[in-house]
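Structure at a glance
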Amino acid sequence: MMIDPFGRSISYLRVSLTDRCNLRCTYCMPARMRFLPREELLSLDELDRLCSAFVRKGVRKLRLTGGEPLVRKDAIDLVERLSRFLQSGELDELTMTTNGLLLADHAAALASFGMRRINVSLDSIDPETYARVTRGGRIEQVIAGIDAAIGAGINVKINAVALTQDNLDMLVGLAEWAHARGAALTVIEVMPLGEVGEDRSDQFVPMSEIRRRFAERWTLTDLAMRTGGPARYVRTNEGGTIGFITPLTHNFCGDCNRVRVTCTGQLFQCLGQDANADLRTPLRASAGDKLLDAAIDAAIGLKPERHHFAIARGAAPAVARTMSLTGG
Ligand code: SAM
Ligand code: SF4
């Protein structure tokens, strides 16, 4: 078991497979994004070793993310390899966060390797809004991906970042669309991660405002349901589920059970802090895992208590790196 200095048990690992992406969402990265040289990235074998080390140390839930995880050619090979931990019962869940553009091609394989739930990021179902926010994304592709995943028996959750000028008026419609497909919707407050060429205060909507809009449409009942993360859920009187992630207006750092590893093997103990540990050097230093294990233990021992996100006009981001680098 990995226990951090604040007594929190770390049982959830998010691994970014790549910093690259086939979209350029306006809140996530600048239009001209510079990606890492490929040789910086961990290989398939290194990712496998890294994930295995965390599973040995008590991680029960593993999420593959990015960048866009499915742009990496060997993403499905990694899922296939890691599925051995589902079969052995060492992992409860192997899951992924994706923009869904390539999901139609891979949903059946993901399901066959034991993926039961997947998060698909979709901020609007209006084609023009989607194309604008993602800087060029084609919504038909995402919808085909979502339908393929549902058809393969994967439980889909839609993630939407709330944005004042882009989708605030469309979130109720997005929830209706998701619920009609049997999918939950989770709405996320935008976080001040990286310079994206826009002032975050022009993007940010507090969750109280979003919830007020849902409450005008439905009667909402709070649910006790927890998925080991910061989301808090409600049920609508029509039976749909809506989650709220409120890093700005209400943080749940006290319950934090996760750490993130980037595609270059940097472990970030907290999404909103600069503290990190290099796991690539110990991974590459020897074929055995002694150095790696020691580096992970040392890093968990330095997990910060909480983030200090704030959004104010003209303010610098909380951290310089974008979400696409840390792994959302
Ligand atoms: N490309 C994949 C996707 O979009 O689902 C996975 C990586 S993406 C960085 C993971 C999640 O982070 C997405 O749901 C995205 O909307 C969210 N995200 C990115 N930047 C964010 C920000 N500044 N604040 C809040 N959420 C953000
Ligand atoms: Fe790519 Fe996901 Fe970031 Fe959009 S949110 S640019 S899809 S990494």
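Notes on the structure follow. (Residues numbered from 1 in each chain as written. Chains lettered and ligands numbered in written order. Predicted model: local features only at pLDDT ≥ 70, side-chain atom pairs only at ≥ 80, totals over all residues. Heavy atoms only, no water.)

**Things to note about the overall build of the protein**
On a plain count of helices and strands, the protein comes out with eleven helices and twelve strands. In terms of overall dimensions, the protein has a C-alpha envelope of 55 × 45 × 40 Å along the principal axes. Within the protein, the fraction of its 328 residues that count as buried is 54%. Look at the contacts in the protein between residues 6 or more apart in sequence, and 73% of them connect residues 24 or more apart. Accessible surface for the protein amounts to roughly 13,700 Å². Of this, 51% is attributable to carbon and sulfur atoms. Taking the average location of the 41 positive side-chain charges in the protein and that of its 39 negative ones, the two points are 2 Å from each other. (Helix = DSSP H or I, 4+ residues; strand = E, 2+ residues; numbered from the N terminus. Buried < 20%, exposed > 50% of the residue type's maximum accessible area, 1.4 Å probe, protein only. Contact = heavy atoms within 4.5 Å. Areas by Shrake-Rupley, 256 points an atom, 1.4 Å probe, with all protein chains shown as cover. Lys, Arg positive; Asp, Glu negative; His and termini not counted. Charge placed at Lys NZ, Arg CZ, Asp CG, Glu CD.)

**Description of the packing of helix α1 (residues 44-56) against helix α10 (residues 290-300)**
Contact geometry for α1 and α10: axes closest at 11 Å, N-to-C directions at 60°. Relative to α10, the element α1 lies oblique. Crossing of α1 against α10: the hand is right-handed. Along the contact surface, α1 presents Arg49, Leu50, Ala53, Phe54 and Arg56, while α10 presents Leu292, Asp293 and Ile296. (Axes fitted to C-alpha atoms, helices over the stretch in contact; angles between N-to-C directions. Parallel < 35°, antiparallel > 145°, perpendicular 65-115°, else oblique. Left-handed = near helix turned anticlockwise from the far one by under 90°.)

**Digging into the pairing of strand β2 (residues 61-65)**
In terms of residue burial, β2 counts as a mostly covered element, since five of its five residues are buried. Here β2 shows a buried face lined by Lys61, Arg63 and Thr65 and a second buried face lined by Leu62 and Leu64. With five bridges joining them, strand β1 (residues 12-16) and β2 adopt parallel strand pairing. Each residue of the ladder has a partner; that of Tyr12, found in β2, is Lys61. Between β1 and its parallel partner β2, the chain crosses via α1, and the hand of that crossover is right-handed. Pairing between β2 and strand β3 (residues 93-98): four bridges, direction parallel. Its bridge partner lying in β3, Lys61 is registered against Glu93. Once you follow β2 into helix α2 (residues 75-88) and on to β3, the crossover reads as right-handed. (Pairing = 2+ DSSP bridges. Right-handed = clockwise from strand over helix to strand, strands pointing away.)

**A short note on the site of ligand 2**
Every residue lining ligand 2 is accounted for by Cys21, Leu23, Arg24, Cys25, Cys28, Met29, Gly67, Asn99 and Ser324. Across the shell around ligand 2, the residue classes tally to five nonpolar, three polar and one charged. (Near = heavy atom within 4 Å. Nonpolar A, V, L, I, M, F, W, Y, C, P; charged D, E, K, R; others polar.)

**With respect to helix α5 (residues 139-151)**
Its 13 residues place the ends of α5 18 Å apart at the C-alpha level, agreeing with the 18 Å of an ideal helix rising 1.5 Å per residue. Along its buried surface, α5 packs onto α3 (103-112), β4 (117-121), α4 (127-134), β5 (155-162) and α6 (171-180). After α5 finishes, the residue Gly153 shows a positive phi value of roughly 90°. (Expected span 1.5 Å × (residues − 1).)

**Focus on the nonpolar core**
Ranked by internal contacts, the top residues of the largest apolar core, which has 94 residues, are Phe54, Ile210 and Phe214. Here this core takes seven residues from α1, the largest share from any one element. Excluding residues that lie within four positions of it along the chain, Ile210 makes contacts with Ala162, Leu168, Leu171, Val187, Val205 and Phe244. (Core = buried A, V, L, I, M, F, W, Y, C linked by side-chain atoms within 4.5 Å.)

**Some points on the pattern of salt bridges**
Taken as a whole and judged by the stated rule, the model has 27 salt bridges. Taking the shortest distance from any N to any O, the salt bridge between Glu176 and Arg217 comes out at 2.6 Å. Here Glu176, found in helix α6, pairs with Arg217, found in helix α8 (residues 207-217); they are 41 residues apart in sequence, far enough to count as distant. By relative accessible area, Arg217 is classed as partly exposed at 34%. By sharing partners, the salt bridges in this structure join Asp169, Glu209, Arg212, Arg213 and Glu216 into a single network. (Salt bridge = Lys/Arg side-chain N within 4 Å of Asp/Glu carboxyl O.)

**Observations regarding the environment of Ala295**
Within the element layout of this structure, Ala295 appears in helix α10. By relative accessible area, Ala295 is classed as buried at 18%. Sequence separation between Ala295 and Asp278 is 17 residues, and the spatial gap between their C-alpha atoms is 7.8 Å. Setting aside its immediate chain neighbours within four residues, Ala295 contacts Leu279 and Pro282.

Coordinates in, geometry out; function isn't part of it.
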